[in-house]
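# Structural overview for review
The chain contents come next:
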Amino acid sequence: MMSKAPIALINRENTRTVLSLADQFVISGTRFITSWMIARYCGAEQLGYYALGFSVLILIDLILQAFVSAPYTIFSQRITSNRSKRYTGNSLVQSGFVGVIGISAFMAIGCFAFLAESNDLANVMFVLAVSVPFCVVREFARRHCFATEQVGLALGFDSLFAVCQLGLMYLLLENQHLNSVTAHGAGGLACAVALSVWLFACRGQIELSLYRWKVNVRKHWRFGRWVFVSQTMNQLNWNIVQWIIAFWLSTEATGVFTGCLTIAFLSNPFVLGIANMIYPRLAGVQTAQGSQAMHRLAVQATVAIGVVMVAFTLVLLFAGQYVCDFLFSDPAYANAGLLPAILAAAVSCLAITMPFDGCLWAEHRTALSSAASALGVGVTAIAVLALVHWGTTAAAIGLLIGCAIESSARVVFFIRSRRFSIQSSRILVLAS
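Residues numbered from 1 in each chain as written. Predicted model: local features only at pLDDT ≥ 70, side-chain atom pairs only at ≥ 80, totals over all residues. Heavy atoms only, no water.

### Observations concerning a nonpolar patch on the surface
Spelled out, the test is: Two distance rules govern patches: like charges are joined within 9 Å, and nonpolar side chains (Val, Leu, Ile, Met, Phe, Trp, Tyr) within 5 Å, applied only to residues with over 30% relative accessible area and no salt bridge. The method behind every accessible area is Shrake-Rupley, applied with a 1.4 Å probe, and residues are considered shielded solely by the protein chains displayed. Definition used for salt bridges: Asp or Glu carboxyl oxygen within 4 Å of a side-chain nitrogen of Lys or Arg. Secondary structure follows DSSP: runs of H or I at least 4 residues long count as helices, runs of E at least 2 residues long count as strands, and numbering of each begins at the N terminus. Only protein chains enter the accessibility calculation, which uses a 1.4 Å probe; a residue is then buried when its area is under 20% of its type maximum, exposed when over 50%, and partly exposed in between.
Taken together, Val310, Leu314, Leu317, Phe318 and Leu338 make up a surface patch of nonpolar side chains, about 500 Å² in accessible area. Structurally, the position occupied by Leu317 is in helix 11 (residues 291–327). Judged by relative accessible area, which is 40%, Leu317 ranks as partly exposed.

### Remarks on the nonpolar core
Note the cut-off: Residues belong to a common nonpolar core when they are buried Ala, Val, Leu, Ile, Met, Phe, Trp, Tyr or Cys residues joined through side-chain atoms within 4.5 Å. We call two residues in contact whenever any of their non-hydrogen atoms come within 4.5 Å of each other.
One finds Phe106, Trp198 and Leu343 to be the most contacted residues of the largest nonpolar core, which totals 103 residues. A per-element tally of this core places helix 5 (residues 119–147) first, with 15 residues. Setting aside anything within four residues of it in sequence, one finds Trp198 in contact with Leu92, Phe140, Ala141, His144, Cys145, Leu153, Phe157 and Ile206. Listed in part, the seven residues of the second largest apolar core include Tyr50, Met169, Leu178 and Ala183.

### Digging into the packing of helix 10 (residues 268–289) against helix 13 (residues 354–362)
The following threshold applies: Every axis corresponds to a line fitted to the C-alpha atoms, with the helix fit spanning only the stretch in contact, and the corresponding angles, defined between N-to-C directions, vary from 0 to 180 degrees. These descriptions rest on fixed angle ranges, namely under 35 degrees for roughly parallel, over 145 for roughly antiparallel, 65 to 115 for roughly perpendicular, and the rest for oblique. Two helices cross in a left-handed way if the nearer one is turned anticlockwise from the farther one by less than a right angle. They cross in a right-handed way if the turn is clockwise. As a working rule, the residues Ala, Val, Leu, Ile, Met, Phe, Trp, Tyr, Cys and Pro are called nonpolar, Asp, Glu, Lys and Arg charged, and the rest polar, with Gly in that last group.
Between helix 10 and helix 13, whose axes approach to 9 Å, the crossing angle comes to 40°. Considering the angle they form, helix 10 stands oblique to helix 13. For the pair helix 10 and helix 13, the crossing hand works out as right-handed. Residues Val271, Ile274, Ala275, Ile278, Tyr279, Leu282, Ala283 and Gln286 of helix 10 pack against Met354, Pro355, Asp357, Gly358, Cys359, Trp361 and Ala362 of helix 13. Of the residues assigned to the contact of helix 10 with helix 13, the class counts are 12 nonpolar, two polar and one charged.

### Considerations on unusual backbone geometry
With a phi angle near 60°, Gln176 is a residue other than glycine that sits in the positive phi range. Here Gln176 is to be found in the loop between helix 6 (151–174) and helix 7 (180–201).

### A short note on the packing of helix 8 (residues 213–248) against helix 14 (residues 366–387)
Running from N to C, helix 8 and helix 14 cross one another at 10°; their axes reach a closest spacing of 7 Å. Overall, the two elements helix 8 and helix 14 adopt an arrangement that is roughly parallel. Here Phe223, Trp226, Val227, Val229, Ser230, Met233, Asn234, Asn237, Ile240, Val241, Ile244 and Trp248 of helix 8 come into contact with helix 14, specifically with Thr366, Ala367, Ser369, Ser370, Ser373, Ala374, Gly376, Val377, Thr380, Ala381, Val384 and Leu385. When grouped by side-chain class, the residues that make up the contact of helix 8 with helix 14 number 15 nonpolar, nine polar and no charged.

### Here's the deal with the side chain of Arg138
Mapping Arg138 onto the fold places it in helix 5. Residues contacting Arg138, with those up to four places away along its chain left out, are Ile27, Phe157, Asp158, Phe161, Cys191, Ala194 and Leu195.

### Considerations on the confidence of the model for the chain
As a reminder, the rule being used: In predicted models, pLDDT denotes the confidence assigned by the predictor to each residue on a 0 to 100 scale.
Averaged over the chain, the pLDDT score is 81; the fraction of residues at 70 or greater is 88%. Taken as a whole, residues 426–431 scores under 50 in pLDDT and shows zero contacts with residues more than four places along the chain or in a different chain.

### A few points about helix 12 (residues 339–352)
Selection rule: To estimate the expected span of a helix, count its residues, drop one, and scale the result by 1.5 Å.
The first and last C-alpha atoms of helix 12 sit 20 Å apart over 14 residues, in line with the 20 Å expected at 1.5 Å per residue. Across the 14 residues that make up helix 12, a large majority, 11, are buried. Leu339, Pro340, Ala341, Ile342, Leu343, Ala344, Ala346, Val347, Ser348, Leu350 and Ala351 are the residues of helix 12 that are buried.

### Some words on the pattern of salt bridges
The final tally for this structure, using the stated rule, is six salt bridges. With a shortest N-O distance of 3.2 Å, Asp158 and Arg138 are connected by a salt bridge. Here Arg138 lies in helix 5 and Asp158 lies in helix 6, a separation of 20 residues in the sequence. Summarising the burial analysis for this pair, Asp158 and Arg138 share the class buried. Between Asp158 and Arg142 there is a salt bridge, with the nearest N and O atoms lying 2.7 Å from each other. Highlighted residues: Asp158 in helix 6 and Arg142 in helix 5, separated in sequence by 16 residues. Taking the relative accessible area as the measure of exposure, Asp158 reaches 0% and is therefore buried. Given the relative accessible area of 3%, Arg142 is considered buried. Residues joined in a network through salt bridges with shared partners are Asp23, Arg138, Glu139, Arg142, Arg143 and Asp158.

This is the structure in structure tokens:
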């Protein structure tokens, strides 16, 4: 009999979970090292240009996630093997269309930057216009691996991507050609190499086809429109605080907040690694065993995530200042104090209720997920504006309040969904 201990999910899927966490460590580590190399050897200005390009790339990735990857993760669990190849090929074509949207966006921004005589920014955007199709399709390839539980393959080609990108950046650095433009170019080339490996490995699982293309696009649109709103709101939840601090306090205060937020995001490899596994797993359990089994799995996963995130927050509560002093030599961080722990608590609020959000996705109640995210962003904006006059730590408390409200809304929606599922099951039993 399966154990009902809080860590039942990890015990049952031990190998896949470890591989998923390792994969997320590879991705997060590659991003961290890339930013560190640009900041250390190219300067803050080049890092700024790199970050501006990457911020647009994140928006394109949100479009892919909402309208292609997330629906594919859910609906692929319910499609027979005979149609699976066509559906994967169809979704791959849709990811290509998202890449075309990316090309248009980067070309438009690049032309605007060129007319504004910001040549460095224009060059970054033009390079990304070439790179974005490979980046987008590679990201879909990762999601396909997790949706089909081929986590080892995902780890393999993500490791190849990391080696290629960091290796190319090292060669550029040795030849004194490393900058924001060449760094994004190296990333695009690394994506193309990794993507070619995935296409070869999964060639038997893909049948490029426009069969039922319009039906699938409409289905993805109905599902993804609220996912897009939800994920955009989640992204804004962090960005809006930085802009408010910059406006009301100073750029230096924004830098301190961002540095401490980076420390709080050290939990991302764990959180995102679990997310890569739990969303498709919840959808699969809901299809195979019903909503009640899915809800039980979500509660178990929530407890397991909660134990880790609470421990992480407690570590930063006592050692946050020491971590700041170790990573940053800037005197501006000398009085960070509780800031890293407060931000870690905010991250924990959303991470702990992530499985409940996955249940809403699996039950096609993405509008409720979006409503929770929008509520969180609204509360964050109001709370931060009210508290920012007392400093960066007070603004972080406002962010924590917003995240706690969003997390509470997820719990409420999950409980309502669970009660509805139980009532439906009782009606079916009585009817039979």
